[in-house]
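# Inside the fold
What follows is each chain in one-letter form.
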Amino acid sequence: MFRVVAYLSAMQPKRDTMRICIVKAGFRDTKKAKSHRIKTGIEDVISHGETHSDGVNYESSKELGVGKSVVRLYIDAYFEHIAPLCENGFVHRAIFLQAWNSGTVDLALLKAVCSASAAFMSTDPVTAEKIERWRTEAEAHVWSNIGRPSLVVLQILVVVISQKCALSQFLDLQPLLGIAAKMAYMLRLNHENTQLSTTAREIRRRIMWSIFIFDKRFAAGQSDLISCPKEQMHIQLPSNERDFELAISGGTGTLIPTQIDEGDSTSMGTRAYFCQLSNIRHEILQ
């Protein structure tokens, strides 16, 4: 009996070591799985034209006329303070930064992002002039590609719309919203595409819902000004930020729920509830 107990006691450290190894291996596998999901999402989104500029490599800081550290400051400010707003958040941070670091990010999108954040970071007249130039050039890129709709062009347009909204340039918003909605319909962003990766599908949804939120906000209950009626939103609500960043697939339900599904609530975030709130507000104003 003593020998058995002694043997088991001697084996205990080995079992603990084995257990630790298994846990560590599982942790590494989990990290690999997350990394694989994000990498797969990046490759899939890149293949569908989001963020990248046809493999063109350039020094973005030279194009913008400021240092690279300043550009990074503007990019970080955008994702920290502007992207979290419910009507924004359709640009994937990891994908955007990867494209920017490799020099393949779409220049017009970079200008739109930097102008959107820099407008609230500096009152220097020289900087203000650069910011306005970036925004103007980004908007000009949209007009020059108006007959060739793509996710990148639409992202730039919605960033410009968001900036005009923040700067209270409301007279420009209605026609731009109409163009954005038509472009989104042409790209069928109001329909699910199960052939794409989780990240690519979520980016498409978020662009469509951003247009929906702006549309409902500025229609102010007037049916004649609506470009995105709720009946045309055949997509699920946007997922929460964690799922979006880590490329985790989850159900959030639709704008008008057909049944109560408690499981959907785990992927619902502030953005999804705000979409529902925007629709309720519009119906009340009507």
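Residue positions within a chain follow its written sequence, with the count starting from 1. Since the coordinates come from a predicted model, pLDDT governs what is reported: local features require at least 70, and pairs of side-chain atoms require 80 or more to be given and counted, while whole-chain, interface and lining totals use all residues. Values reported for side chains reflect all heavy atoms of the structure, with hydrogen atoms and water molecules removed beforehand.

Within an unreviewed UniProt entry, the label attached to the protein reads Xylanolytic transcriptional activator regulatory domain-containing protein, and the organism entered is Penicillium cf. viridicatum. Heading Subcellular location (unreviewed entry) of the UniProt record for the protein holds this comment: "Nucleus". UniProt positions are given in the numbering used here, feature names are shortened, and annotations may be inferred rather than shown by experiment.

To continue, consider the overall build of the protein. Runs of H or I in DSSP of at least four residues are treated as helices and runs of E of at least two as strands, each being numbered from the N terminus. A tally of regular secondary structure across the protein gives 11 helices and 0 strands. Each helix (α) and strand (β) of the protein, taken in turn from the N terminus, gives the series α-α-α-α-α-α-α-α-α-α-α. Partly exposed residues are those whose accessible area sits between 20% and 50% of the maximum for their type, while under 20% is buried and over 50% is exposed, using a 1.4 Å probe and protein chains only. Residue burial in the protein is summarised as follows: out of 286 residues, 44% are buried. Each accessible area is a Shrake-Rupley result for a 1.4 Å probe, and residues are judged covered by the shown protein chains and nothing else. Summing over all exposed atoms, the protein offers an accessible surface of approximately 14800 Å²; the carbon and sulfur share of this is 58%.

Right, let's talk about a nonpolar patch on the surface for a bit. In this analysis, a patch consists of residues with relative accessible area above 30% that form no salt bridge, clustered at 9 Å for like charges and at 5 Å for the nonpolar side chains Val, Leu, Ile, Met, Phe, Trp and Tyr. For this analysis, a salt bridge means a side-chain nitrogen from Lys or Arg found within 4 Å of a carboxyl oxygen belonging to Asp or Glu. Taken together, the side chains of L73, F120, M121 and L167 make up a nonpolar region of the molecular surface, amounting to roughly 380 Å² of accessible area. Position of F120 relative to the elements: it lies in the loop between helix 5 (107-118) and helix 6 (125-144).

We now examine the side chain of N88. Checked against the element boundaries, N88 lands in the loop between helix 3 (68-82) and helix 4 (93-102). Of note is the side chain of N88, whose polar atom sits 3.2 Å from the backbone oxygen of I82. We call two N or O atoms a polar contact when they sit within 3.5 Å, provided that within protein one can donate a hydrogen and the other can accept it, with sequence-adjacent residues counted only if both atoms are side-chain atoms. Within the structure, N88 has its side chain in polar contact with the side chain of S162 (distance 3.0 Å). It only takes one pair of heavy atoms within 4.5 Å for two residues to be counted as in contact. With sequence-adjacent residues up to four places away left out, N88 is seen in contact with I82, A83, S162, S210 and R271.

Turning our attention to helix 6. To estimate the expected span of a helix, count its residues, drop one, and scale the result by 1.5 Å. The end-to-end C-alpha distance of helix 6 is 28 Å, a good match for the 28 Å that 20 residues give at a rise of 1.5 Å each. When helix 6 is considered as a whole, its buried residues turn out to be T127, I131, W134, R135, A138, E139 and V142. Taken down its axis, helix 6 places every buried residue within 125° of arc, on the same side. Those residues of helix 6 that are exposed and aimed more than 90 degrees away from the buried face are P125 and E129. The reported arc concerns the directions from the helix axis to the C-beta atoms and nothing else.

The subject of this paragraph is the packing of helix 8 (residues 173-186) against helix 9 (residues 198-219). Here an angle of 0 to 180 degrees is reported between the N-to-C directions of two axes, which are lines fitted to C-alpha atoms, with helices fitted over the stretch in contact. In the contact formed by helix 8 and helix 9, the axes pass within 10 Å of each other and the chain directions differ by 145°. The way helix 8 lies across helix 9 gives a crossing that is left-handed. Of the residues in helix 9, those touching helix 8 at L173, Q174, L177, A180, A181, A184 and Y185 are M208, I211, F214, D215, F218 and A219. The residue classification treats Ala, Val, Leu, Ile, Met, Phe, Trp, Tyr, Cys and Pro as nonpolar and Asp, Glu, Lys and Arg as charged. All others, Gly included, are polar. Partitioned by chemical class, the residues of the contact of helix 8 with helix 9 number 11 nonpolar, 1 polar and 1 charged. Here a crossing is taken to be left-handed if its near helix is turned anticlockwise relative to the far helix by less than a right angle, and right-handed if that turn runs clockwise.

The next thing to look at is unusual backbone geometry. Glycine aside, residues mostly have negative phi, and peptide bonds are mostly found in the trans state. Positive phi, close to 60°, is recorded for S168, a residue that is not glycine. When you line up the elements, S168 lands in the loop between helix 7 (151-166) and helix 8. Positive phi, normally seen in glycine, also occurs at A220, with a value near 50°. Examined against the element boundaries, A220 turns out to sit in the loop between helix 9 and helix 10 (241-246).

Now for the packing of helix 3 against helix 4. Each packed pair of helices is defined by two parameters, the angle between the axes and the distance between the axes. The geometry of helix 3 relative to helix 4 is characterised by a closest axis approach of 12 Å and an angle of 170° between their N-to-C directions. If you check the angle between helix 3 and helix 4, you find them roughly antiparallel. Note on element contacts: helix 4 touches helix 3 through R93, F96, L97 and W100, opposite K68, V71, R72, I75, D76, F79 and E80. For the contact of helix 3 with helix 4, the residue count by class is 6 nonpolar, no polar and 5 charged. Relative orientations are named as follows: roughly parallel for angles under 35 degrees, roughly antiparallel for angles over 145 degrees, roughly perpendicular for angles from 65 to 115 degrees, and oblique for any other angle.

So, about the confidence of the model for the protein. Note on scores: pLDDT gives the predictor's confidence for each residue, bounded by 0 and 100. Of all residues in the protein, 76% attain a pLDDT of 70 or more, and the chain-wide mean is 79. Overall, residues 1-49 carries pLDDT values under 50, and its contacts beyond four positions in sequence, including any with other chains, amount to 26 contacts.

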